[in-house]
Amino acid sequence: MTKPVRKAIFPVAGQGTRFLPATKAMPKEMLPVVDKPLIQYAVEEAREAGIEEFIFVTGRAKSAIEDHFDYSFELEHSLEEQNKIEILEVVRELIPKAGKVSYTRQQKPLGLGHAVWCARYHIQNEPFAVLLADDLVLAKTGCLTQMMSAHHKFGGNLVAVEDVAQEQTNRYGILDVIDENGTIVQAKGLVEKPEPEDTPSTLAIIGRYILQPEVLEYLDRQEKGTNGEIQLTDAIAYSLDKMPLHGQRFEGVRYDCGNQLGFLEANIAFSLDREHMRDGVKAILKKYK
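Cut-offs and rules
- Residues numbered from 1 in each chain as written.
- Predicted model: local features only at pLDDT ≥ 70, side-chain atom pairs only at ≥ 80, totals over all residues.
- Heavy atoms only, no water.
- Helix = DSSP H or I, 4+ residues; strand = E, 2+ residues; numbered from the N terminus.
- Rg over C-alpha atoms; globule rule 2.2 N^0.38 Å.
- Contact = heavy atoms within 4.5 Å.
- Areas by Shrake-Rupley, 256 points an atom, 1.4 Å probe, with all protein chains shown as cover.
- Lys, Arg positive; Asp, Glu negative; His and termini not counted.
- Charge placed at Lys NZ, Arg CZ, Asp CG, Glu CD.
- Phe/Tyr/Trp six-rings, centres within 6.5 Å; stacked < 30°, edge-to-face > 60°.
- Buried < 20%, exposed > 50% of the residue type's maximum accessible area, 1.4 Å probe, protein only.
- Pairing = 2+ DSSP bridges.

Which parts of the structure should I look at to understand the overall build of the chain?
Counting secondary structure elements, the chain contains eleven helices and 13 strands. Whereas a compact globule of 289 residues would reach a radius of gyration of roughly 19 Å, the chain reaches 19 Å, a difference of no more than 12%. Taking the principal axes of its C-alpha atoms as reference, the chain extends roughly 60 × 50 × 40 Å. Put simply, of all contacts in the chain between residues at least 6 apart along the chain, 75% involve residues at least 24 apart. For the chain, the computed accessible surface area is about 15100 Å², with 49% contributed by carbon and sulfur atoms. Each charge sign in the chain was given a centre, from 34 positive and 43 negative side chains, and these centres are 2 Å apart.

Could you clarify how one ought to interpret the packing of aromatic side chains in this entry?
Pairs of aromatic rings are described using the distance from one ring centre to the other and the angle between the two planes. Under the definition given, this model contains eight aromatic pairs. Relative to Phe 54, the ring of Phe 10 lies with its centre 6.3 Å away and its plane at 20°, an arrangement referred to as stacked. Placement of Phe 10 in strand 1 (residues 7-11) and of Phe 54 in strand 4 (residues 53-58) is noted, with a sequence separation of 44 residues between them. According to the relative accessible area criterion, Phe 10 is buried, its value standing at 0%. Aromatic pair Phe 19 and Phe 263: ring centres 5.6 Å apart, planes at 75°, arrangement edge-to-face.

I'm lost on the pairing of strand 9 (residues 173-181) in this one. Help?
Sheet faces and side chains relate simply in a regular strand, where the side chains alternate between the two faces. Note: strand 9 against strand 10 (residues 184-192), eight bridges, orientation antiparallel. Residue pairing in the sheet places Asn 181 in a bridge with Ile 184 of strand 10.

I tried to follow the environment of Leu 190 on my own but got confused; where do I start?
Relative to the elements of secondary structure, Leu 190 occurs in strand 10. A relative accessible area of 12% means that Leu 190 is categorised as buried. Linking Leu 190 and Pro 200, residues ten residues apart in sequence, is a C-alpha distance of 8.2 Å. Discounting chain neighbours no more than four positions away, the residues touching Leu 190 are Ile 174, Leu 175, Asp 176, Ile 205, Thr 233, Ile 236, Ala 237, Leu 240 and Leu 245.

Any chance you could explain the side chain of Thr 233 here in plain terms?
Mapped onto the fold, Thr 233 is located in helix 9 (residues 232-238). Once residues lying within four places of it in the same chain are set aside, the contact partners of Thr 233 are Gly 173, Leu 190, Glu 192 and Ile 205.

Structural data, given as structure tokens:
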């Protein structure tokens, strides 16, 4: 029987250099898509999937994230006085329950694996999810919710995957696939950012993971991999002799909000997904044909 996944790690220590100067004083995870910051979409996706504890791995100048998921008594009082009850409820609903949110600091930018390792004491030998806010998924059923169903069936480590162009494999962790069963694939290995001529497949890992605590055993070694960073994919590969690794082709569209064009496309797509905005956005887009 698989243990329930109750905890999620949100690595939010990156500097967001692709969005400078906008991210000089504001975390990239606070950049808004329509009317919500990226990190809020990730937290809402996790909450929908049944996550109970939210662990943020932060860095310098990330206090805006902590403030966002905290009470703002002045704002709430002002909204009450203006009788803006609907928006007041929206503001209150985004705040996790007391004791269910924690923050830890990644003091040096040593890679995604290092960021996950920084949260190790909050995991306490339980399976856990990892969500990267840069990867924003538009789906009727949240990506992590879809993964929870698969994890309950297969156990082990599970990653969200999608097919990418072969010339783009050096941007992702890539699965070495041994079996496919509908939306679920089983892997015998994975490679971090292989060159197109060396890639075992074109099935790329995106920023959603459900991992077993054994992954942290490898991360404890602090061994550096591709680009001199501590890679999460190396830790998952280390666990292959102990547990299976599956990838899930999720239903929905993933937007890479780590770059400017992907972020712009996400704003357009999420705007079109709002019924009250759809016609107005279409009218705007027609002006630029």
